[in-house]
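Secondary and tertiary structure notes
Below are the chains, spelled out letter by letter.
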Amino acid sequence: MVNTNNRIAFMVQNISAIRFRKSFLGSLKQPDLESAILIDMTSNASSPTNVRLRIVWISVLMAFGLYLTRNTIGEIVKSDSFLKDTSLVGADSTRFSVELKDGLENSQVQSWLTSKQSSDAKALDFSKIKTPYTVADRLTLEQADQLLGELETNGGTGFRRISKSQIGDILGAFFFSYALFQVPAGWFSDRLGARRMLTLYIFIWSILTLMTGWVASLYGLMVARFLFGFAQSGAYPTSSAIVRRWFPVSSRGRASGLIAFGGRFGGATAPFLTTLLILQLGSWRSVLSIYGLLGIAIAVAYYWIVRDRPSEHPSCNCAERELIGPIADDRKPELRDITKMIGLYCGSRSLWLNSLGQFCVNIGWAFLVTWLPTYLKETHKVSDSQGSLMVTLVLATGMLGQLLGGRATDWSVGKFGLRLGRVLPISVANCIAGIAYVCCLFIDSAWGVVLCCAIVSLMTDFANPSIWAFMQDVGGRNTGAIFGWANMWGNFGASVSSKIVPVLLLYGATSGSGQSLVFITCACAFFVAGLAALGMDATKPLQPVSPVS
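Residues numbered from 1 in each chain as written. Predicted model: local features only at pLDDT ≥ 70, side-chain atom pairs only at ≥ 80, totals over all residues. Heavy atoms only, no water.

Considering the overall build of the chain
A tally of helices and strands in the chain yields 22 helices and 3 strands. Scored against the burial criterion, the 549 residues of the chain give a buried share of 56%. Taking contacts inside the chain between residues at least 6 apart in sequence as the whole, the part at least 24 apart equals 84%. (Helix = DSSP H or I, 4+ residues; strand = E, 2+ residues; numbered from the N terminus. Buried < 20%, exposed > 50% of the residue type's maximum accessible area, 1.4 Å probe, protein only. Contact = heavy atoms within 4.5 Å.)

Quick look at the structure:
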């Protein structure tokens, strides 16, 4: 019916235009008029507009800004500009750790370290301990300075730094709120309109990026990151709903892959660009101001270009709408659907397995954007500029995975069918990522670890388009909410990763096995995700049925 109405509208437009030309020229006859109508209709039918491509590219830019502002914090918290920030160091709420840098072979230092151990603690194995070694954590400034003085008096060399566990809390605050608000943000986008809501989300997180540069304490930074996570929580669920309306099933994987590519490009750019700007500007706060202003510009452009549906876009012609095809079940979700919707989610084996997979994947992946910069600086003694370049290379490798993964999932579905074809790329990629983390246990060089982490990044992003397409397959008009449900569990995993890495490092510090525990945990998480994917079924859509009013 919609296509018939569109054809009639085009005929009316063409007839009106030709009648105008006829009256103006005064020379066209009736047969000429009929021929002109046919020619114009054929031309329109064979030349669809490319509005959907503009939708994709502004979505790519949105995702770029999303990850640029998200991943920059990993570089900021290990920079001297942040660690020596007078406002943060002087705040009463800031806690510190004392790190031993040199002197571990000194017997006097060893005796002093042993005396600082609690009676029930494991005996220190000085042959395996790696420096920098955390002597104590969660200290006040006065306590840290006093302990550092004792260390140096006993012949050791060390330094005081802002507590890693407190930084872990800050990093985890973003992922926790990002996870918590996934479902509400996705549902509001489905209900109130993706264009309107995503523009609002971009604007809010850009303002919060500016405000993050104004905080005077770590508690203030934690609150800012918590609110930042809330604002960004609606980005991908809403973008996924836009893709579902603007692309047919056969090309959703590629469209999703391009958008995710934009995110990974922003994430890959963040380490190097942030470090460069900090060195040039001399302040991490100024960098956040620049990123915030960039985000506001993206919000304006997104609202200008995007529409919720092809039928609402003035530049989308009938031929492009026919190419896109009808939108299945495009009614707005009703408030009364929520309980039914949650009931379906809780009863869906596929959705729970997808959620478990995302939880585990993010445990492994979040290490790359939160603690890898600090690990390279402290364990392998690389400079800030070299470390940022290494992390950039790791995350940039993921961009290739997004592009390959989009094509792979469309090919896999065509080859093996929707049921098996959608999950095979996810399962294989996660298992390879797990193997890469296992390899880190046997490599001592910084570049060797970077290579393994690059494989993790590549495989994680290779699986992403399949995961997106799966949620579009089963989501229907609630795609945004379903994406939010699964992404919620994924970011709970990232929050756990941000907080558990310092705990594992501290637990294994006495035996020198802290980093090995981190790599083993990340590897096991990916293996579980690979197995979970095999049970997902994209052929069974989830949709609550609203009563007919």
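Things to note about the pattern of salt bridges
Enumeration according to the criterion identifies 11 salt bridges in this entry. Two residues, Glu-320 and Arg-52, come together in a salt bridge whose shortest N-O distance is 2.9 Å. In this pair, Glu-320 sits in helix H15 (residues 318-324) while Arg-52 sits in helix H3 (residues 51-76), placing the two residues 268 residues apart along the sequence. Residue Glu-320 shares its accessibility class with Arg-52, and that shared class is buried. Several salt bridges share partner residues, and in doing so they unite Arg-138, Asp-169 and Lys-499 into one network. (Salt bridge = Lys/Arg side-chain N within 4 Å of Asp/Glu carboxyl O.)

Side note on empty space enclosed by the protein
Counted according to the given criterion, the structure contains 5 cavities of 30 Å³ or more. Its boundaries defined by the atoms lining it, the largest cavity holds a volume of some 270 Å³. Lining the largest cavity are 19 residues, and of these Tyr-67, Gln-358, Asn-362, Asn-464 and Asn-487 sit closest to its centre. Looking at the lining of the largest cavity, the elements that each hand over two or more residues are H3, helix H13 (249-281), helix H17 (349-370), helix H20 (446-475) and helix H21 (479-507). The dominant element in the lining of the largest cavity, judged by the number of residues it contributes, is H20, at 5 residues. By residue class, the composition of the lining of the largest cavity is 10 nonpolar, 7 polar and 2 charged. (1 Å grid on protein atoms, 1.4 Å probe; cavity = no way out; pocket = protein on both sides within 12 Å on 5 of 7 lines; lining within 4 Å. Points joined across faces, edges and corners; volume = space filled by probe spheres on them. Nonpolar A, V, L, I, M, F, W, Y, C, P; charged D, E, K, R; others polar.)

Thoughts on the confidence of the model for the chain
The share of residues in the chain with pLDDT of 70 or more is 85%, and the mean pLDDT across the chain is 82. When mean pLDDT is compared element by element in the chain, helix H14 (residues 284-305) scores highest at 95, while helix H1 (residues 2-25) scores lowest at 45. Per-residue pLDDT stays below 50 along residues 1-45; that stretch engages in 26 contacts with residues further than four places along the chain or on separate chains. Confidence drops under pLDDT 50 across residues 545-549; counting only partners more than four residues distant or on other chains, this segment forms 7 contacts. (pLDDT = per-residue confidence, 0-100.)

A look at H17
Here H17 is 22 residues long and its end C-alpha atoms lie 31 Å apart, about the 32 Å a rise of 1.5 Å per residue gives. Its maximal kink placed at Gly-364, H17 deviates by approximately 30°. Of all 22 residues that make up H17, 17 are buried, and the element is covered over most of its length. (Expected span 1.5 Å × (residues − 1). Bend = angle between axes of the 7 residues up to and from the residue.)

Observations concerning the nonpolar core
Ranked by internal contacts, the top residues of the largest apolar core, which has 139 residues, are Phe-82, Phe-367, Leu-368 and Tyr-437. A total of 14 residues in this core trace back to one element, the largest contributor, which is H20. Aside from chain neighbours lying at most four places away, what touches Leu-368 is Pro-373, Val-391, Val-394, Leu-395, Tyr-437, Cys-453, Val-456 and Ser-457. (Core = buried A, V, L, I, M, F, W, Y, C linked by side-chain atoms within 4.5 Å.)

Quick notes on the side chain of Thr-370
Here Thr-370 shows up in helix H17. Thr-370 sits in the buried class, given a relative accessible area of 3%. Among the polar contacts listed, one links the side chain of Thr-370 to the backbone oxygen of Ala-366, at a separation of 2.6 Å. Those residues in contact with Thr-370 that sit more than four places away from it in its chain are Gly-74, Leu-171, Phe-175 and Ser-498. (Polar contact = N/O pair within 3.5 Å; in protein donor to acceptor, adjacent residues only side chain to side chain.)

Digging into helix H18 (residues 372-379)
Counted residue by residue, H18 has 6 buried out of 8 residues, so it is predominantly covered. By the burial criterion, the buried members of H18 are Leu-372, Pro-373, Thr-374, Tyr-375, Leu-376 and Glu-378. After H18 finishes, the residue Lys-381 shows a positive phi value of roughly 60°.

Description of the layout of surface pockets
Its boundaries defined by the atoms lining it, the second largest pocket holds a volume of some 410 Å³. If you go around the second largest pocket, you meet 14 residues; those closest to its centre are Asp-80, Lys-101, Phe-159, Lys-377 and Glu-378. Elements supplying a minimum of two residues to the lining of the second largest pocket: helix H4 (80-83), strand E3 (157-162) and H18. Here the lining of the second largest pocket is built from residues that sort into 3 nonpolar, 2 polar and 9 charged.

Comments concerning the packing of aromatic side chains
Per the counting criterion, the structure on display carries 19 aromatic pairs. Their ring planes at 50° and their centres at 5.6 Å tell us that Trp-352 and Trp-489 sit as a pair that is tilted. In this pair, Trp-352 is assigned in helix H17 and Trp-489 in helix H21, connecting sequence segments 137 residues apart. It is Arg-160 that lies over the ring of Phe-96; its NZ or CZ is 5.4 Å from the centre. Between the NZ or CZ atom of Arg-195 and the centre of the ring of Tyr-303, over which it lies, the distance is 3.7 Å. (Phe/Tyr/Trp six-rings, centres within 6.5 Å; stacked < 30°, edge-to-face > 60°. Lys NZ or Arg CZ within 6 Å of the ring centre and 35° of its normal.)

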